[in-house]
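Chain by chain, the residues run as shown.
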Amino acid sequence: MHTTRLGRSGLEVSRLALGTWEFSGAWGAVDEDHAVAIVRRARELGFNFFDTAHEYGFGTAERILGTALRHDLDHARDEVVIATKGGLRETADGPVRDARPELLRTDVDASLTALGVDHIDLYQVHWPDPRTPAAETAGALAELVAAGKIRHVGVSNYDAAQVAEFAAVLPVETVQPPLSMLRRAALDTLLPYCRAHDIGVLAYGALAHGMLTGTVTAASEFAADDWRVKSGFFDGDAFTRNLAVVESLRAVAAGRGVTVSQLAIAWVLAQPGVHVALLGVQHLGHLQDSAAATEITLSAADLTAIDEILAPAAPLGGPYPEMWKEFAERESDTG
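A brief structural summary. These numbers were taken from a predicted model, which means no experiment stands behind them.

Moving on to the overall build of the protein chain. The secondary structure content of the protein chain amounts to 13 helices and twelve strands. Taken over the C-alpha trace, the protein chain has a radius of gyration of 19 Å; the compact-globule value for 335 residues is 20 Å, and the two agree within 12%. Based on the C-alpha atoms only, the size of the protein chain along its principal axes is roughly 55 × 50 × 40 Å. Taken across its 335 residues, the protein chain has 54% of its residues classed as buried. For the protein chain, long-range pairs separated by at least 24 residues make up 76% of all intrachain contacts whose partners lie at least 6 apart in sequence.

Turning next to the environment of Ile 38. Looking at where Ile 38 falls in the secondary structure, it is placed in helix α1 (residues 32-44). For the pair formed by Ile 38 and Ile 64, sequence separation is 26 residues and the distance between their alpha carbons is 11 Å. With near-sequence residues (within four places) excluded, Ile 38 lies in contact with Leu 18, Phe 23, Val 281, Gln 282, His 283, Leu 284 and Leu 287.

Quick look at the pattern of salt bridges now. Per the counting criterion, the structure on display carries 16 salt bridges. One salt bridge in this structure joins Lys 85 and Asp 51, with 2.5 Å as the shortest N-O distance. Residue Lys 85 is located in strand β5 (residues 81-86), and its partner Asp 51 is located in strand β4 (residues 49-51); the two are separated by 34 residues in the primary sequence. By relative accessible area, which is 0% here, Asp 51 ends up buried. Here the salt bridges share partners, and the residues they tie into one network are Arg 89, Asp 98, Arg 100 and Glu 102.

A few words now on empty space enclosed by the protein. Per the stated rule, a full pass over the model turns up one cavity of 30 Å³ or more. Taken as a whole, the largest cavity holds about 40 Å³ of empty space. In terms of lining, the largest cavity is formed by Pro 178, Leu 179, Ser 180, Arg 183, Tyr 204, Gly 205, Ala 208, His 209, Leu 316 and Gly 317. Along the lines of polarity and charge, the residues of the lining of the largest cavity split into five nonpolar, four polar and one charged.

It is worth spelling out the packing of aromatic side chains at this point. Applying the stated rule across the entire model yields two aromatic pairs. Taken together, a centroid distance of 6.5 Å and an interplanar angle of 35° make the contact between Trp 21 and Tyr 56 tilted. A residue pair is termed long-range when its members are at least 10 positions apart, and Trp 21 in the loop between β3 (16-19) and α1 and Tyr 56 in the loop between β4 and α2 (60-68) qualify at 35 residues. Of the two residues, Trp 21 and Tyr 56, neither departs from the other in class, the shared state being buried. Between Tyr 158 and Phe 166 the ring centres are 6.3 Å apart and the planes differ by 85°, which places this aromatic pair in the edge-to-face class.

Once that is clear, we can look at the nonpolar core. Core analysis: the largest hydrophobic core is formed by 91 residues, its most contacted members being Phe 50, Leu 141, Phe 166 and Met 211. With eight residues, the top contributor of residues to this core is helix α10 (residues 260-270). If we skip the residues at most four places from it in the chain, Met 211 touches Leu 182, Val 216, Phe 234, Phe 239, Asn 242, Leu 243, Val 246 and Leu 316. Of all hydrophobic cores here, the second largest spans twelve residues; its members include Leu 6, Leu 11, Val 13 and Leu 278.

Turning to the pairing of strand β12 (residues 276-280), a few remarks are in order. For β12, the buried fraction is high: four of the five residues fall into the buried class. Inspection of the sheet shows β3 paired to β12 by four bridges, in the parallel sense. Along β12, the bridge assignment pairs Ala 17 with Leu 278. Relative to β12, strand β11 (residues 200-204) runs parallel, the two sharing three bridges. For Ala 203, the partnering residue across the bridge sits in β12 and is Ala 277.

Moving on, we get to the sheet that holds strand β10 (residues 174-176). Strand order in the closed barrel formed by eight strands is β3-β4-β5-β8-β9-β10-β11-β12, and the pairing between neighbours is parallel. Taken pair by pair, the neighbouring strands of this sheet meet at an average axis angle of 30°, ignoring direction. Bridge analysis of β3 against β4 gives two bridges, and the strand direction is parallel. Note that in β4 the partner of Gly 19 across the bridge is Asp 51. Its contacts with the sheet put helix α5 (residues 134-146) on β8 (120-125) and β9 (150-156), and the angle it makes with β9 is roughly 155°.

The bulk of non-glycine residues show a negative phi, and the bulk of peptide bonds are trans. Positive phi values are uncommon outside glycine, yet Phe 58 reaches one of about 45°. Position of Phe 58 relative to the elements: it lies in the loop between β4 and α2. In this structure Phe 58 comes out as partly exposed when scored by relative accessible area, which is 23%.

This part covers the environment of Leu 103. Looking at the secondary structure, you find Leu 103 in helix α4 (residues 101-115). In this structure, the C-alpha to C-alpha distance between Leu 103 and Gly 87, residues 16 residues apart in sequence, is 6.8 Å.

The rules behind each value
- Residues numbered from 1 in each chain as written.
- Predicted model: local features only at pLDDT ≥ 70, side-chain atom pairs only at ≥ 80, totals over all residues.
- Heavy atoms only, no water.
- Helix = DSSP H or I, 4+ residues; strand = E, 2+ residues; numbered from the N terminus.
- Rg over C-alpha atoms; globule rule 2.2 N^0.38 Å.
- Buried < 20%, exposed > 50% of the residue type's maximum accessible area, 1.4 Å probe, protein only.
- Contact = heavy atoms within 4.5 Å.
- Salt bridge = Lys/Arg side-chain N within 4 Å of Asp/Glu carboxyl O.
- 1 Å grid on protein atoms, 1.4 Å probe; cavity = no way out; pocket = protein on both sides within 12 Å on 5 of 7 lines; lining within 4 Å.
- Points joined across faces, edges and corners; volume = space filled by probe spheres on them.
- Nonpolar A, V, L, I, M, F, W, Y, C, P; charged D, E, K, R; others polar.
- Phe/Tyr/Trp six-rings, centres within 6.5 Å; stacked < 30°, edge-to-face > 60°.
- Core = buried A, V, L, I, M, F, W, Y, C linked by side-chain atoms within 4.5 Å.
- Pairing = 2+ DSSP bridges.
- Axes fitted to C-alpha atoms, helices over the stretch in contact; angles between N-to-C directions.

Function cannot be read off these values alone, since they describe shape.
Now the structure itself:
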């Protein structure tokens, strides 16, 4: 597995990071033994970078990750890089954005306990909180760095203007934006901003929540408790258009002797300013397939041809904190 310096953080990380949202229960019931096996197989394949969040089951995913990496965390702590996120508060209506200093302090302590570690390598604000001044959030994280509880600070789901506002108080070392062939907004202003300021970029959603695996079809069915069932992204005209795009990408991938998933990951890694592609995996076989994507080099001609294929694609959104409350309200209205 190739490694890279994660921008100004100086962290040396694998170009693929394993994400753990799939261990939260948001994609259906979690087999914890299988989740542990996925993490351990990722280590065997050369992954040293793992991303989680307090909100992923409010401690569940962090606990599973800590269990899976226990040997490394106890005996080779410097060989693995743990990133987690905070700033979401659980309510009866689902998670809400809350990046107040007091909540972040609580979240950090909860994450340390769940992971079973004495420090977090990279701590990220999960979502921008419009009700909390960025200066307050950044100031609290600076205190946590000084206390030795976290080593590096990043943000997730922030745009360039929000990163700049935060950075006026505390340097932003990393950002975690959504980026895939079907979700390319980060290319416009965020990635150029990050390149200009040497900010590490770990992009999530390279496989577009399954759309770019090549396994999703018009007949695909998801578990009843899978968030995609209610999202609206996997039905309708936009879904049909994107299925057609994926079929065209399949032909390109076949011509290169790779899978659609590998092509999609290689495309993300080829974007200027992207250091790491963050992957969520539900099956061990998919992990092996994804790891091979780091060996694929896309030429300028390849990227141009892919851009032409993507022209008719419908932008594919993704989950956000308020979505869970909207799901509940929709069910209430139709019930």
